[in-house]
Amino acid sequence: MNDQPMRSQPDDGLGPTSDIGSRLRALYGAVQEEGVPDQLLDLLEKLDNAERLHSERSQQRGE
C-alpha cells in the first residue's frame, strides 16, 4: 500500500463541472429532445421491410 497522500490533479478545465462540461451537457440534452426526421423513419421502415423480405426468401430456400 502506498503511504503517500493522494495528490489532486490540477484543474484542466475539462471536468464535468467545468464550463465546457456544462455546455456539452446542455448541447447533448438539446439533441436528445429533437425528434427523428420523418425521412429517416421512412428509410428505417424500408430497411426493416427489406430485411424481413430477405429473411423470408432465405427461409423458403432452406438457407
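Residues numbered from 1 in each chain as written. Predicted model: local features only at pLDDT ≥ 70, side-chain atom pairs only at ≥ 80, totals over all residues. Heavy atoms only, no water.

1. Here we look at the overall build of the chain
Reasoning step 1: Scanning the chain for helices and strands turns up two helices and zero strands.
Reasoning step 2: In the chain, buried positions account for 5% of the 63 residues. (Helix = DSSP H or I, 4+ residues; strand = E, 2+ residues; numbered from the N terminus. Buried < 20%, exposed > 50% of the residue type's maximum accessible area, 1.4 Å probe, protein only.)

2. Overview of a negative patch on the surface
Reasoning step 1: A contiguous patch of negative charge on the surface is contributed by Asp38, Asp42, Glu45, Asp48 and Glu51.
Reasoning step 2: Along the chain, Asp48 falls in helix α2 (residues 38–61). (Patch = residues over 30% accessible without salt bridge, like charges linked within 9 Å, V, L, I, M, F, W, Y side chains within 5 Å. Areas by Shrake-Rupley, 256 points an atom, 1.4 Å probe, with all protein chains shown as cover. Salt bridge = Lys/Arg side-chain N within 4 Å of Asp/Glu carboxyl O. Lys, Arg positive; Asp, Glu negative; His and termini not counted. Charge placed at Lys NZ, Arg CZ, Asp CG, Glu CD.)

3. Notes on α2
Reasoning step 1: Its 24 residues place the ends of α2 35 Å apart at the C-alpha level, agreeing with the 34 Å of an ideal helix rising 1.5 Å per residue.
Reasoning step 2: Note on α2: the residue one or two positions beyond its end, Gly62, has a positive phi of about 80 degrees. (Expected span 1.5 Å × (residues − 1).)

4. Examining the pattern of salt bridges
Reasoning step 1: Counted according to the given criterion, the structure contains one salt bridge.
Reasoning step 2: With a shortest N-O distance of 3.1 Å, Asp19 and Arg23 are connected by a salt bridge. In this pair, Asp19 and Arg23 both sit in helix α1 (residues 19–33), four residues apart, roughly one turn of the helix.
Reasoning step 3: The class of Arg23 is exposed, set by a relative accessible area of 59%.

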